[in-house]
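Here is what each chain is made of, one letter per residue.
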Amino acid sequence: MSNHTVRRKTSGLDKALRVALYTVLLVVAAFYLMPFIVMLLTSLKDVEEIRSGTLLSLPAVLNFDSWSKAWSSACTGSSCDGISPFFMNSFQIVLPAVAISTLLGAINGYVISLWKFRGSDVFFAALLVGCFIPFQVILLPMARTLGWLGIANTTTGLVFVHVVYGVAFTTLFFRNFYQSIPGELVKAARLDGAGFFTIFYRIILPVSTPIIVVTVIWQFTQIWNDFLFGVAFSGFDTQPVTVALNNLVNTSFGGKEYNVDMAAAIIAALPTLAVYVFAGKYFVRGLTAGAVKG
Amino acid sequence: MNTKAAHSGSGPTQSGRPARLSLADWMPKIVMAPTVIMTVVCIYGYMIWTAVLSFTGSRMLPSYNFVGLDQYERLFNNDRWMVALGNLGVFGGLFILICLFLGVTLAIFLDQKIRAEGAIRTIYLYPMAISFIVTGTAWKWLLNPTNGLEKMMIDFGFEDFKFDWLINPDMVVYCLVIAAVWQASGFVMALFLAGLRGVDGDLIKAAHLDGASTFTTYRRVILPSLKPVFFSALVILSHIAIKSFDLVAALTNGGPGYSSDLPANFMYAHTFTRSQIGLGSASAMVMLGCVLAILIPYLYSELRGERHE
């Protein structure tokens, strides 16, 4: 796609510029890679080795003890079962929350772009504000509401919160995508007697795969990485992994086990990193979908 | 009949409709109803609720004894809040400027037919997939004066090397900047790269035919056409800066003392752990004001642009 630079005769200056260009790009790449490399190296050393070596020295032997400790026996707050229970909590929150918010977003986007009614555009604009408000402004009323509903400190409560504040984004994604579907298509199907849901199932959903993938990835990473709602609305047993990781890192005073901290941090990051590695294209599309109108 | 018809709202509901309203006619409204209720209650309703609380003397529990602007007065006389607000200015300003600068520069560099562009792009962007809690944990380790970069430099032979920003109240806010830039600058790069690839190729060819150098073409033709991307990035970055909470929680926990607090952390602490609900609500409203001050002009220009399409 990039036909910007016109091919020219390579002079000495051009060659020097190329070398400088690559140098800058590689140095910056090192800056982005270093924290992860250091985390990985540190997680593979024992405490003694961490003390004697430097950040970037290689571990003498590959030692996965800290990983198994982080997973199943490190102390977070008052229990010492590692971060695995919280890792599972995160999945229990993420999976239903992603499914429900994506489904709602698809239906909303379908209505807003193809079944406009009086006020639907105004509502869409009002909903968009939900993408940008600082969540601090709704935290306390939401805490009270969850209490009244009897779902404070439960997984259900967290799913509810993530659905409520995720729908603005999912609706935005689907609306932008469906905007390009010609209204005539729906009109014709309607003349043939197809109803609201028939058109959705038979015409709209079959062409929606790309935007569903983008939305699911976006929601998965957003909800997995959430900390604010997790720390404000979860009980000890229902904490997501981000909260447990923060507890683990901040409470183990005394003999600080940096290798365990780093292993736990990598474990907490693995699911979204995996998504990024295997579906990076869609991840980027999700990031930019909210930012640049497609 | 042209393709524009789809955009001008000629949806099925606006075609000649039969006089009788059936269930099918109500269906669009019925399926939207849950979202409408959630939005009205949980976004606007709660916003108003918090606004109301900010005018009350609520402490541990919400109460409705109105005290006017007292909480706002207390807020701006509160040392910790002023530190948090000042930190937001420094942190937000540097974070946004550095991210924009790095983002534009890296996008232009990557746009020069770079070998292995895909791999380099992947490296630049991966931090965005990670939680701020993980980012904070990683940088806390790197910036730790006794074990991290400082020790590494000393071991390399720079014996006087000192890097204690993380425990220095005057410098700790810059640690937040480093970690946040690491996390978000790749994303800005991706935005600008997408923008660059979308610039009209004919425009660029025309500039080259006129004899413009690559540098001039970028400066005079390409970058000016990226104004919307620039604006979007600015809005998103300021939003990230204002709501930043988790990075502080993981990297510094507000310390030393409260020298690295941001408004979001102030709000959480006062609302949930210090039983100062009224004060916490007032701080949340100030945060909302900051976001709206940036958001309203943005939405206004976006919507106006749409009408002119």
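Residues numbered from 1 in each chain as written. Chains lettered and ligands numbered in written order. Predicted model: local features only at pLDDT ≥ 70, side-chain atom pairs only at ≥ 80, totals over all residues. Heavy atoms only, no water.

Enquirer: Before we move on, can you summarise the overall build of chain B with the specific residues and values?
Expert: Each helix and strand in chain B was counted, giving 13 helices and 0 strands. For chain B, the α and β elements follow one another from N to C terminus as α-α-α-α-α-α-α-α-α-α-α-α-α. Computed over C-alpha atoms, the radius of gyration of chain B comes to 25 Å, more than 25% over the 19 Å expected from 2.2 N^0.38 for 309 residues, which places it beyond the range of a compact globule. Projected onto its principal axes, the C-alpha coordinates of chain B cover approximately 80 × 70 × 30 Å. Scored against the burial criterion, the 309 residues of chain B give a buried share of 54%. A separation threshold of at least 6 residues defines the contact pool for chain B, and within that pool the share at least 24 residues apart is 68%. If you sum the accessible surface of chain B, you get close to 14,100 Å²; carbon and sulfur atoms cover 65% of it. Here chain B contributes 22 positive and 20 negative side-chain charges, whose respective centroids are spaced 9 Å apart. (Helix = DSSP H or I, 4+ residues; strand = E, 2+ residues; numbered from the N terminus. Rg over C-alpha atoms; globule rule 2.2 N^0.38 Å. Buried < 20%, exposed > 50% of the residue type's maximum accessible area, 1.4 Å probe, protein only. Contact = heavy atoms within 4.5 Å. Areas by Shrake-Rupley, 256 points an atom, 1.4 Å probe, with all protein chains shown as cover. Lys, Arg positive; Asp, Glu negative; His and termini not counted. Charge placed at Lys NZ, Arg CZ, Asp CG, Glu CD.)

Enquirer: Give me the state of the cysteines: which residues, what numbers.
Expert: One pass over the structure, following the stated rule, counts 1 disulfide over all chains. Across the disulfide from A:Cys75 sits A:Cys80; the S-S distance is 1.8 Å. An S-S torsion of about 100 degrees defines the bridge between A:Cys75 and A:Cys80 as right-handed. The class of A:Cys75 is partly exposed, set by a relative accessible area of 36%. In this structure B:Cys42 is not part of a disulfide, and its nearest cysteine sulfur, from A:Cys131, lies 15 Å away. Counting only cysteine sulfurs, B:Cys99 is the nearest neighbor of B:Cys290, a cysteine outside any disulfide, at a range of 19 Å. (Disulfide = S-S within 2.5 Å.)

Enquirer: Report on the nonpolar core, specifying residues and quantitative values.
Expert: Counting residues in each nonpolar core, the largest one holds 199 residues, and the members touching the most others are A:Tyr165, B:Phe95 and B:Tyr124. Residues within four places of A:Tyr165 in sequence aside, it is in contact with A:Phe135, A:Ile138, A:Met142, A:Phe229, B:Cys42, B:Ile43 and B:Tyr46. (Core = buried A, V, L, I, M, F, W, Y, C linked by side-chain atoms within 4.5 Å.)

Enquirer: If you had to explain the interface of chain B and chain A to someone new, which residues and values would you point to?
Expert: Listed per partner, the contact involves 105 residues of chain B and 98 residues of chain A. Where chain B abuts chain A, roughly 9,700 Å² becomes buried across the two surfaces, and 73% of that area is made up of carbon and sulfur atoms. Across the chain B-chain A interface, the total number found is 0 salt bridges. Counting the contacts that link chain B with chain A gives 22 residue pairs in polar contact (both at pLDDT 80 or more). (Buried area = accessible area lost by both parts, 1.4 Å probe. Salt bridge = Lys/Arg side-chain N within 4 Å of Asp/Glu carboxyl O. Polar contact = N/O pair within 3.5 Å; in protein donor to acceptor, adjacent residues only side chain to side chain.)

Enquirer: So, the packing of aromatic side chains: which residues are in play, and what are the values?
Expert: Within the structure shown, the criterion is met by 42 aromatic pairs over all chains. Measuring from ring centre to ring centre gives 6.3 Å for A:Tyr110 and A:Trp115, while their planes differ by 70 degrees; the resulting arrangement is edge-to-face. Among the residues examined, A:Tyr110 registers a relative accessible area of 0% and is labelled buried. Summarising the aromatic geometry, the rings of A:Phe196 and A:Phe197 are spaced 5.0 Å apart at their centres and angled 85 degrees between planes, so their arrangement reads as edge-to-face. Residue classification places A:Phe196 among the buried residues on the basis of a relative accessible area of 3%. Taken together, A:Phe31, A:Tyr32, A:Phe36, B:Tyr124, B:Tyr126, B:Trp139 and B:Trp182 form an aromatic cluster joined through their ring pairs. Its guanidinium or amino end placed over the ring of B:Trp26, B:Lys29 lies 4.9 Å from that ring's centre, counting from NZ or CZ. (Phe/Tyr/Trp six-rings, centres within 6.5 Å; stacked < 30°, edge-to-face > 60°. Lys NZ or Arg CZ within 6 Å of the ring centre and 35° of its normal.)

Enquirer: Tell me about the confidence of the model for chain A, and name the residues and values.
Expert: Put simply, chain A has an average pLDDT of 88, and 94% of its residues get 70 or more. Taking the mean pLDDT of every element in chain A, the minimum, 82, falls on helix α2 (residues 47–52) of chain A and the maximum, 96, on helix α4 (residues 84–114) of chain A. (pLDDT = per-residue confidence, 0-100.)

Enquirer: Could you give me a rundown of the side chain of B:Glu150, with the residues and numbers involved?
Expert: All names here are of chain B. With respect to the helices and strands, the residue glutamate 150 is situated in helix α6 (residues 149–155). Among the polar contacts listed, one links the side chain of glutamate 150 to the backbone nitrogen of phenylalanine 163, at a separation of 2.8 Å. Among residues more than four places away in sequence, those in contact with glutamate 150 are Pro145, Phe161, Lys162, Phe163 and Asp164.

Enquirer: Explain the environment of A:Ile151 to me, using residue names and the numbers behind them.
Expert: Secondary-structure assignment places A:Ile151 in the loop between α6 (139–149) and α7 (155–178). Taking the C-alpha atoms as reference points, A:Ile151 and A:Phe233, 82 residues apart in sequence, are found 9.4 Å from one another.

Enquirer: Residues and numbers for a nonpolar patch on the surface, please.
Expert: Taken together, B:Phe55, B:Tyr64, B:Phe66 and B:Leu69 make up a surface patch of nonpolar side chains, about 430 Å² in accessible area. Among the residues examined, B:Leu69 registers a relative accessible area of 55% and is labelled exposed. (Patch = residues over 30% accessible without salt bridge, like charges linked within 9 Å, V, L, I, M, F, W, Y side chains within 5 Å.)

Enquirer: Describe the environment of A:Ala194, naming the residues involved and giving the relevant values.
Expert: Residue and element names in this part refer to chain A. Tracing the backbone shows alanine 194 in the loop between α8 (183–191) and α9 (196–204). Residue class for alanine 194 comes out partly exposed when judged on its relative accessible area of 22%. The spacing of alanine 194 and threonine 42 is 152 residues in sequence and 61 Å in space, taken between C-alpha atoms. Those residues in contact with alanine 194 that lie beyond four places of it in its chain are Ala189 and Ile199.

Enquirer: How would you explain the packing of helix α1 (residues 12–43) of chain A against helix α7 (residues 172–197) of chain B if you had to name every residue and give the values?
Expert: Contact geometry for α1(A) and α7(B): axes closest at 11 Å, N-to-C directions at 130 degrees. On the basis of their axis angle, the class for α1(A) and α7(B) is oblique. The way α1(A) lies across α7(B) gives a crossing that is left-handed. Where α1(A) abuts α7(B), its residues A:Phe31, A:Tyr32 and A:Pro35 lie against B:Trp182, B:Ser185 and B:Gly186. In the contact of α1(A) with α7(B), the residues fall into 4 nonpolar, 2 polar and no charged. (Axes fitted to C-alpha atoms, helices over the stretch in contact; angles between N-to-C directions. Parallel < 35°, antiparallel > 145°, perpendicular 65-115°, else oblique. Left-handed = near helix turned anticlockwise from the far one by under 90°. Nonpolar A, V, L, I, M, F, W, Y, C, P; charged D, E, K, R; others polar.)

Enquirer: Residues and numbers for the pattern of salt bridges, please.
Expert: This structure, assessed with the given rule, holds 6 salt bridges over all chains. A salt bridge links A:Asp121 to A:Lys116; the nearest nitrogen and oxygen atoms lie 3.6 Å apart. We classify A:Asp121 as partly exposed; its relative accessible area is 41%. For A:Lys116, a relative accessible area of 11% corresponds to the buried category. One salt-bridge network, in which partners are shared between bridges, spans B:Asp111, B:Glu117, B:Arg121 and B:Arg197.

Enquirer: Tell me what's going on with helix α13 (residues 258–289) of chain A, and back it up with residues and numbers.
Expert: Residue and element names in this part refer to chain A. Here α13 spans only 38 Å end to end across 32 residues, well under the 46 Å set by a 1.5 Å rise per residue. The largest bend along α13 measures about 105 degrees and falls at alanine 279. With respect to burial, α13 is a largely interior element, 23 of its 32 residues being buried. (Expected span 1.5 Å × (residues − 1). Bend = angle between axes of the 7 residues up to and from the residue.)

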